[in-house]
Amino acid sequence: MTGDDAAVRAINQVRTRLHTIFGDKIDLSDVTSKNEQDRASQYLTRSLAALYIKSEVPITVSAATKTITDGFNDGGIDAIAWNKNSKTLYLVQTKWRWKPDKGIELGDFLKLKDGIHNILKLEFSAFNDKVKSNAPLISSALDDIDTKLRVALVHTSGQKLSGDVKKQIAEIEKAQNQYSPDFLTFEEVDLARVTSLARAEAKSANIDKEVLLKNFGVASGPYAAYYGEISGEDVWSWYDEFKEVLFAENLRFVLSNSEVNQAIIETIEKTPNSFWYYNNGITVVCRTISKKPIGGADSASGVFNIEGMSVVNGAQTIGSLHAAKSSGSSLDKVKVQARFISLKDAPGDFGANVTRTNNTQNNLTSVDFVALDPNQERLAGELKNIGIQYAYRRGDSIADEKNGFDIREATVALACANSDLRLAVYAKRYISGLWEDIKKEPYISIFNESVTGRYLWALVRLEREIQNQLVAASGSKFGREKLILVHSNRFLAHIVLNRLDLSKLGNKGAKIKSKAKDAKELTDKVASSLLHILSNEYLESYPGNLFKNQDKQEELKPKVISLLESDFDSDPLIFDL
């Protein structure tokens, strides 16, 4: 049998499986006038898109079919989906090929390229109603600085992508990732991967693996369980192969770009030898677990057969290992503590209880250690004396926002008011980084003995005025201009607060209303200046990436200040004084 014969057989098997999975759930109401062959192709093109989405996003078959946008004026985009767990926006183009010798045409990909650009500019006028219905979702996703964009080309061709198509892919990635290296990723899902996805959909979360555990031990009972060290490379390979199916029984999936994940990645990159000491490890439940005879009774290492495994705790650890590896970091020195718990002889609710308790107990984060700083208790006392509630411990709630604020709001205000732009960037993309060590920089740059309760409360109110003014201004803007105002909030607050005289802000009887008026007027001017500059520069950049890139903001800051100090006559965006 030739390679082409094998490919044709795989295509036919995938076709049968797609009909089994999606049945009559694929909408073909817009292609009733086409002949039977064309309708069959349309069904398979659309179901292929839904199959890919379902493999990436934890949704039902019916929900996956509703992500399909394929049709006239689809801009080369056959499905759009949002994974709230990983904060990933998916744009999918699918090409069903009945024969493996037909490749992907450059014209089809150029159509997709134009569609991507229009999506990023929030320009939907040329799209069909299916794409337009996703406009609120897309706008909301692109408003979030942590959003990633995954562009997938899913096909059943047996041909490799042409050099021209690869060149276009490289151009898209270079243009969109110049300020944030991992914002846009392109994925080719070829016939082999499509076949794997179709097969995995039939088995759901039925994952069987052979696992090498070092320095392992055995739980004394009452249920079978083993624990030990597993290599970071092995754990990475799990997610690379199974994606979020690996977490079928978990309470949550990988939270892309979360502060916890960023801290894990930094450990991998900077101190891989300490990973085992710093990380809580992972917990896996499975149907059965058995040790292979190789190695005998020596507990230094053992090979185990794990059937029906699902990770119930450690999704962020696994996702971070995968992200670090994908960014070029080595996992050779990373060791992960792992537990494997068999449910074979356990009560019916035991697995659910393991999942629940492992995700709700001992969940400390960096903000919990801020409570150990005496300055926090001092500030809370000073603020209480003037009738203001300050919640600096996790779990505290603010009874009245007009007379209270929390540690996060305080951190943002102090970071943006600092002359070091780096701290405002931290506040935007990784606020936990400001809390990592209460005895070192950058924490002591913002929380120290010089900060008084009165000053902090006044500063928080000014920062609120800036943000309220910016929100009002962005409400009258659309497309890229709106995204600029949304994503520049910390950068803009940094410029405004550093151009105001805050020297007397902590004095008793300080004129906060007058200072708030100045802050609102300056916010309007800075925002207008920013829009003016970015209408002529950085035109190919996605604003969400630009405003989490410190180097680019350092480059942009003097341009904004220079324009403010020139004769530039900015058009008022909004005044509500």
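Right above here is the structure, for reference.
As the structure is a prediction and not an experimental result, all values here were calculated from the model.

What counts, and at which threshold
Residues numbered from 1 in each chain as written. Predicted model: local features only at pLDDT ≥ 70, side-chain atom pairs only at ≥ 80, totals over all residues. Heavy atoms only, no water. Helix = DSSP H or I, 4+ residues; strand = E, 2+ residues; numbered from the N terminus. Rg over C-alpha atoms; globule rule 2.2 N^0.38 Å. Areas by Shrake-Rupley, 256 points an atom, 1.4 Å probe, with all protein chains shown as cover. Lys, Arg positive; Asp, Glu negative; His and termini not counted. Charge placed at Lys NZ, Arg CZ, Asp CG, Glu CD. Buried < 20%, exposed > 50% of the residue type's maximum accessible area, 1.4 Å probe, protein only. Pairing = 2+ DSSP bridges. Phe/Tyr/Trp six-rings, centres within 6.5 Å; stacked < 30°, edge-to-face > 60°. Lys NZ or Arg CZ within 6 Å of the ring centre and 35° of its normal. Axes fitted to C-alpha atoms, helices over the stretch in contact; angles between N-to-C directions. Parallel < 35°, antiparallel > 145°, perpendicular 65-115°, else oblique. Contact = heavy atoms within 4.5 Å. Nonpolar A, V, L, I, M, F, W, Y, C, P; charged D, E, K, R; others polar. Left-handed = near helix turned anticlockwise from the far one by under 90°.

Overview of the overall build of the protein chain
Part 1 of the reasoning: When you go through the protein chain residue by residue, the secondary structure sums to 24 helices and 13 strands.
Part 2 of the reasoning: Over its C-alpha trace the protein chain gives a radius of gyration of 27 Å, about what one expects of a compact globule, namely 25 Å for 577 residues.
Part 3 of the reasoning: Dimensions of the protein chain, computed from C-alpha atoms along their principal axes, come out at roughly 85 × 65 × 40 Å.
Part 4 of the reasoning: Accessible surface for the protein chain amounts to roughly 27,000 Å². Of this, 47% is attributable to carbon and sulfur atoms.
Part 5 of the reasoning: The average position of the 74 basic charges and that of the 76 acidic charges among the side chains of the protein chain differ by 2 Å.

Some remarks on the pairing of strand β1 (residues 79-83)
Part 1 of the reasoning: Taking burial as the measure, the five residues of β1 include four buried ones, the bulk of the element.
Part 2 of the reasoning: Sheet topology places β1 next to strand β2 (residues 88-95); five bridges connect them, and they run antiparallel. Paired with Ala79 across the strands is Val92, a residue of β2.
Part 3 of the reasoning: The turn joining β1 and β2, which pair antiparallel and follow one another in sequence, is formed by four residues; a positive phi near 50° is taken by Lys87.

Here we look at the packing of aromatic side chains
Part 1 of the reasoning: All chains considered together, the criterion is met by 18 aromatic pairs.
Part 2 of the reasoning: Seen from their ring centres, Phe183 and Tyr542 are 4.5 Å apart, and the 20° between their planes marks the pair as stacked. Of the two residues, Phe183 sits in the loop between α7 (163-176) and β4 (184-189) while Tyr542 sits in the loop between α22 (512-534) and α23 (543-546), which places them 359 residues apart along the sequence.
Part 3 of the reasoning: A residue is classified by how much of its surface remains accessible, and Phe183, at 0% relative accessible area, is buried.
Part 4 of the reasoning: Relative accessible area serves as the criterion here: at 2%, Tyr542 is assigned to the buried category.
Part 5 of the reasoning: Taken together, Tyr390, Tyr392, Phe405 and Trp457 form an aromatic cluster joined through their ring pairs.
Part 6 of the reasoning: A cation sits over an aromatic face here: Lys325 above Trp236, 5.0 Å from the ring centre.

Looking at the packing of helix α16 (residues 407-417) against helix α19 (residues 453-474)
Part 1 of the reasoning: Interhelical geometry of α16 versus α19 gives an angle of 85° and a closest axis separation of 9 Å. It follows that α16 is roughly perpendicular to α19 by the angle criterion. Of the residues in α19, those in contact with Glu409, Ala410, Val412, Ala413, Leu414 and Ala417 of α16 are Tyr455, Leu456, Leu459, Val460, Glu463 and Arg464.
Part 2 of the reasoning: For the contact of α16 with α19, the per-class residue count stands at nine nonpolar, no polar and three charged.

Remarks on the packing of α16 against helix α17 (residues 421-429)
Part 1 of the reasoning: Where α16 meets α17, the closest approach of the two axes is 7 Å, and the angle between their N-to-C directions is 150°. As summarised for this structure, α16 and α17 are arranged roughly antiparallel, according to the angle between their axes. α17 is crossed by α16, and the crossing has left-handed handedness. Residue-level inspection shows Val412, Ala415 and Cys416 of α16 in contact with α17, the latter providing Leu423, Ala424 and Ala427.

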